[in-house]
Amino acid sequence: MLLRVFGDKISLGHAAADQAASAIRHAIAERGCARIVAATAASQLEFLGALTKEPGIDWKRVEAFHLDEYIGLPITHPGSFRRMLMEQLVAKTGITQYHLLEGDAADPAEVVREVGKQLASAPIDIAFLGIGENGHIAFNDPPADFNTDDPYIIVALDEACRRQQVGEAWFSEISQVPQYAMSMSARQILKAKEILAVVPDKRKAQAVRDCFEGEISPMAPASILRRHPNATIYLDKSSGSLLGPSLQSALAKDSQVEVS
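Residues numbered from 1 in each chain as written. Predicted model: local features only at pLDDT ≥ 70, side-chain atom pairs only at ≥ 80, totals over all residues. Heavy atoms only, no water.

A. Region of the structure containing the overall build of the chain. Looking only at helices and strands, the chain features eight helices and eleven strands. With respect to the principal axes defined by its C-alpha atoms, the chain has extents near 50 × 45 × 35 Å. In the chain, buried positions account for 55% of the 260 residues. The long-range fraction of contacts in the chain, counting pairs at least 24 apart against all pairs at least 6 apart in sequence, stands at 79%. In the structure as shown, the chain presents an accessible area of about 10,800 Å², 51% of it carried by carbon and sulfur atoms. For the chain, the distance from the average position of its 26 positive side-chain charges to the average position of its 33 negative side-chain charges is 3 Å. (Helix = DSSP H or I, 4+ residues; strand = E, 2+ residues; numbered from the N terminus. Buried < 20%, exposed > 50% of the residue type's maximum accessible area, 1.4 Å probe, protein only. Contact = heavy atoms within 4.5 Å. Areas by Shrake-Rupley, 256 points an atom, 1.4 Å probe, with all protein chains shown as cover. Lys, Arg positive; Asp, Glu negative; His and termini not counted. Charge placed at Lys NZ, Arg CZ, Asp CG, Glu CD.)

See the structure below:
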């Protein structure tokens, strides 16, 4: 796994978009299509904005899945991740093949089964992730389930996760944040051929340190990314500010460092 650090979230977003676009173009050139997983959150705005402007991508050949969605939340709500997927990616690119997790469906278990079948039907070329303030990937809050092979699972959201959503202004108070969500599982995320995590901002700094300098543990869900052979974590100076002296020294000499 590689850590890459940039001066700010704008340069971070453009560098990550360049890598993502290369992976998509390569998959289309090799097989005629690309399958991607897209994260949608406040931390992804600069990255997705840059990615949608990348030249030379035939978006009609791209099939997109998203990571997670709140149970009970309609697509019209500002905090709906499928709404963000539509606004930040689909509408800007013209992607025609996309799979939505309908959080307000009558039977959420059926939704995760059906979309999970579509997701698992062929390999994912590249997965775009964020990392939460509590270290979560998708909505796999600590202690995350590192064992299930189900593509999507229904999870309970912890208080730290729900407070983050209030802090990002998607909800005005914690009582409005749903307590359950549909989430891609950690093992399913690791099945992607390539993983690219975009993690800016000071509020993510403790999670970055816990996940990439501590033990690989369900209590630090994003730590599992260290088991992937082709994962790149994009940080800015703020999100990387709590990394220990040895990593800080290595990153000062080189803008990317391998972490095991």
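Still to come is the rest of the account.
B. Seen up close, the sheet that holds strand E6 (residues 126-129). What the eight strands build is an open sheet, ordered E5-E3-E2-E6-E9-E10-E1-E11; its pairing is mixed. In this open sheet, the two edge strands, each paired with only one partner strand, are strand E5 (97-99) and strand E11 (256-258). Adjacent strand axes in the sheet meet at a mean angle of 20° when their direction is disregarded. When strand E2 (residues 34-38) meets E6, the two strands line up parallel, connected through two bridges. Within the sheet, the bridge partner assigned to isoleucine 36 lies in E6 and is isoleucine 126. (Pairing = 2+ DSSP bridges. Axes fitted to C-alpha atoms, helices over the stretch in contact; angles between N-to-C directions.)

C. Focus on the nonpolar core. Of all hydrophobic cores here, the largest spans 44 residues; its most connected members are Leu3, Ile137, Phe212 and Ile233. Mapped onto this core, the elements with two or more residues apiece are helix H4 (108-120), E6, strand E8 (180-184), helix H6 (186-190), strand E9 (194-199), helix H7 (205-213), strand E10 (231-236) and helix H8 (245-253). For phenylalanine 212, the residues in contact, after removing those within four places along its chain, are Met1, Leu3, Ile131, Ala222, Arg226, Ile233 and Val259. (Core = buried A, V, L, I, M, F, W, Y, C linked by side-chain atoms within 4.5 Å.)

D. Representation of H4 in the model. Look at H4: 18 Å from first C-alpha to last across 13 residues, which is about the 18 Å you get at 1.5 Å a residue. Within the sequence span of H4, burial applies to Pro108, Val111, Val112, Val115, Gly116 and Leu119. With its buried residues spanning 120° around the axis, H4 presents them on a single face. (Expected span 1.5 Å × (residues − 1). Arc of directions from axis to C-beta.)

E. View of the environment of threonine 232. Mapped onto the elements of the fold, threonine 232 is located in strand E10. For threonine 232 and glutamate 194, which are 38 residues apart along the polypeptide, the C-alpha to C-alpha distance reads 8.3 Å. Ignoring anything within four residues of it in the chain, the contact list for threonine 232 reads Leu2, Arg4, Gln19, Ile195, Leu196 and Ala197. In this structure the side chain of threonine 232 is engaged in a polar contact, spanning 3.4 Å, whose partner is the side chain of glutamine 19. (Polar contact = N/O pair within 3.5 Å; in protein donor to acceptor, adjacent residues only side chain to side chain.)

F. Broad picture of the pairing of E9. In terms of burial, E9 is a largely internal element, six of the six residues being buried. On E9, burial covers both faces: Glu194, Leu196 and Val198 on one face and Ile195, Ala197 and Val199 on the other are all buried. In this sheet, E9 lies alongside E6 in parallel orientation, the contact comprising four bridges. Residue pairing in the sheet places phenylalanine 128 in a bridge with leucine 196 of E9.

G. Quick peek at the packing of aromatic side chains. One pass over the structure, following the stated rule, counts six aromatic pairs. Judged by centre distance (5.2 Å) and plane angle (15°), the ring pair of tyrosine 70 and phenylalanine 81 falls under stacked. Placement of tyrosine 70 in strand E4 (residues 68-70) and of phenylalanine 81 in helix H3 (residues 81-93) is noted, with a sequence separation of eleven residues between them. Using a relative accessible area of 0% as the deciding quantity, one classes tyrosine 70 as buried. Judged by its relative accessible area of 5%, phenylalanine 81 falls in the buried class. Ring geometry for tyrosine 70 and phenylalanine 139: centres 5.2 Å apart, planes at 55°, overall tilted. Taken as a pair, tyrosine 70 in strand E4 and phenylalanine 139 in the loop between E6 and strand E7 (152-156) lie far apart in primary sequence, 69 residues in all. You'll find tyrosine 70 and phenylalanine 139 in the same group, each marked buried. (Phe/Tyr/Trp six-rings, centres within 6.5 Å; stacked < 30°, edge-to-face > 60°.)

H. A look at the environment of tryptophan 170. Within the secondary structure, tryptophan 170 is located in the loop between helix H5 (159-167) and E8. Its relative accessible area of 21% is what places tryptophan 170 among the partly exposed residues. When sequence neighbours within four positions are dropped, the list of residues in contact with tryptophan 170 reads Ala42, His77, Pro78, Gly79, Met84 and Gln165. In terms of polar contacts, tryptophan 170 uses its side chain to reach the side chain of glutamate 168, at 3.0 Å.

Treat this as a map of the structure, not an account of what it does.
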